[in-house]
Amino acid sequence: MATSMELRCWGSGWGLPSVHTECLIVLAYAKFSGAKVTVSPIDWTWKTLTATVPELVHGESTITEPSQILNFMRKQRFNADYELSARQGADTMAYIALLEEKLRPALLHTFWVDAENYANLTRPWFASRSPFPLNFLVPGRHARTALSRILLTKGESPLHTITEVEGKIYSDAKECLNLLSHRLGTDNFFFGNAPASLDAFVFGYLAPLHKASLTNSPLQCHLRQLENLSCLCDNVLAVYFSSSSPDG
């Protein structure tokens, strides 16, 4: 009998199966590839401070990081990319790198650095999902990590402070969204009618921005103008994560 796979991740919220980008990527890919995973939210446990999520546990193996987890699933014969050509595989890697470089800093800023969004949405949600006294520690720790990551990747000379890099990171993010929208065009998914790993990554990055009730987000407004990307998020949620969907 095959050993079951357990996925530890942040739980559901904002109309999403998880509010956490990396967790959403793995959850979506599991659905796309037909992998059967048991989802174990870390909410209200001490793992909210100590765990690195998403974390896939399979027998004696523990795998973290979406790319490594997806590779592991492929080795278990759960492959959403098996019909892609070599060119499409290369495109997938290029667009995932684009998401990481151009979009992630703006998302980190939107949810963890922007004062209004952090105070009104992000901090209350993560505090409410962390046990006492971690509810006082977890949001601030995430916020500091996000700020450090932005400055580490985008704070090159002559841009050194977060205020100085804001304009650059949002310009890059809007350019990234425009490129994704152009690539998707009128198709349901990036490589036709069946979702692949690129769709999982795009969904993971965009769904929180699409669904969260943000107080202040020019980037969210820009995404909503790109109807095909918004529809991609809605379609994935409806087809793969609704209560009426298979295994939903």
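In this report, we go over the structure that sits alongside the text.

Procedures and definitions
Residues numbered from 1 in each chain as written. Predicted model: local features only at pLDDT ≥ 70, side-chain atom pairs only at ≥ 80, totals over all residues. Heavy atoms only, no water. Buried < 20%, exposed > 50% of the residue type's maximum accessible area, 1.4 Å probe, protein only. Helix = DSSP H or I, 4+ residues; strand = E, 2+ residues; numbered from the N terminus. Pairing = 2+ DSSP bridges. Axes fitted to C-alpha atoms, helices over the stretch in contact; angles between N-to-C directions. Contact = heavy atoms within 4.5 Å. Core = buried A, V, L, I, M, F, W, Y, C linked by side-chain atoms within 4.5 Å. Expected span 1.5 Å × (residues − 1). Salt bridge = Lys/Arg side-chain N within 4 Å of Asp/Glu carboxyl O. Parallel < 35°, antiparallel > 145°, perpendicular 65-115°, else oblique. Left-handed = near helix turned anticlockwise from the far one by under 90°. Nonpolar A, V, L, I, M, F, W, Y, C, P; charged D, E, K, R; others polar.

**Concerning the pairing of strand β3 (residues 55-58)**
The two faces of β3 match: Glu55 and Val57 on one face and Leu56 and His58 on the other face are all buried. Note: strand β1 (residues 5-9) against β3, four bridges, orientation antiparallel. Note on β3: the bridge partner recorded for Met5 is His58. Bridge count for β3 against strand β4 (residues 61-64) is four bridges, and the pairing is antiparallel. Each bridged residue has a counterpart across the sheet, and for Val57 the counterpart in β4 is Thr62.

**Some points on the sheet that holds β3**
Spatial strand order, β2-β1-β3-β4: four strands in an open sheet with mixed pairing. Strand pairing shows two members of the sheet lacking a second neighbour, β2 (37-41) and β4, which therefore form its edges. Ignoring which end each strand starts from, the neighbouring axes of this sheet average 20° apart. Relative to the sheet, helix α1 (residues 21-33) contacts β1 and β2, its axis offset from that of β1 by approximately 150°. Packing against the sheet, helix α3 (residues 66-75) makes contact with β1, β2, β3 and β4, and its axis sits at approximately 135° to β4.

**Notes on the nonpolar core**
Within the largest apolar cluster, 77 residues are counted, with the highest numbers of intra-cluster contacts made by Leu103, Phe190, Phe203, Leu219 and Leu229. The residues contacting Leu229, other than those within four sequence positions of it, are Leu177, Leu180, Ser181, Leu184, Phe190, Leu206 and Leu223.

**Section: the side chain of Ser230**
Looking at the secondary structure, you find Ser230 in helix α10 (residues 227-240). Contacts of Ser230, omitting those with residues within four sequence positions, involve His210, Leu223 and Arg224.

**Focus on α10**
In this model α10 runs 20 Å from its N-terminal to its C-terminal C-alpha over 14 residues, within 8% of the 20 Å that 1.5 Å per residue would give. By the burial criterion, the buried members of α10 are Asn228, Leu229, Ser230, Leu232, Cys233, Val236, Leu237 and Tyr240.

**Things to note about the pattern of salt bridges**
The full count for this structure, using the stated rule, is 10 salt bridges. Note that Asp81 is salt-bridged to Arg74, the shortest N-O span being 3.2 Å. For Asp81, a relative accessible area of 14% gives the class buried. Notably, a salt bridge pairs Asp172 with Lys102, separated by 3.9 Å at the nearest N-O pair. Separated by 70 residues along the polypeptide, Asp172 in helix α7 (residues 162-184) and Lys102 in helix α4 (residues 86-113) bring together distant segments of the chain. With respect to burial, Asp172 and Lys102 carry one shared label: buried. Taken together, the shared-partner salt bridges in this structure form one network comprising Glu22, Glu100, Arg104 and Arg149.

**Some points on the packing of α1 against α3**
Two quantities define a packed helix pair, namely the angle between the helix axes and the distance between the axes. Look at α1 against α3: their axes get within 9 Å of each other, and the N-to-C directions meet at 15°. Accordingly, the angle class assigned to the pair α1 and α3 is roughly parallel. The handedness of the crossing between α1 and α3 comes out as right-handed. On α3, the residues that touch Glu22, Ile25, Val26, Tyr29 and Ala30 of α1 are Pro66, Ile69, Leu70, Met73 and Arg74. Here the residues of the contact of α1 with α3 sort into eight nonpolar, no polar and two charged.

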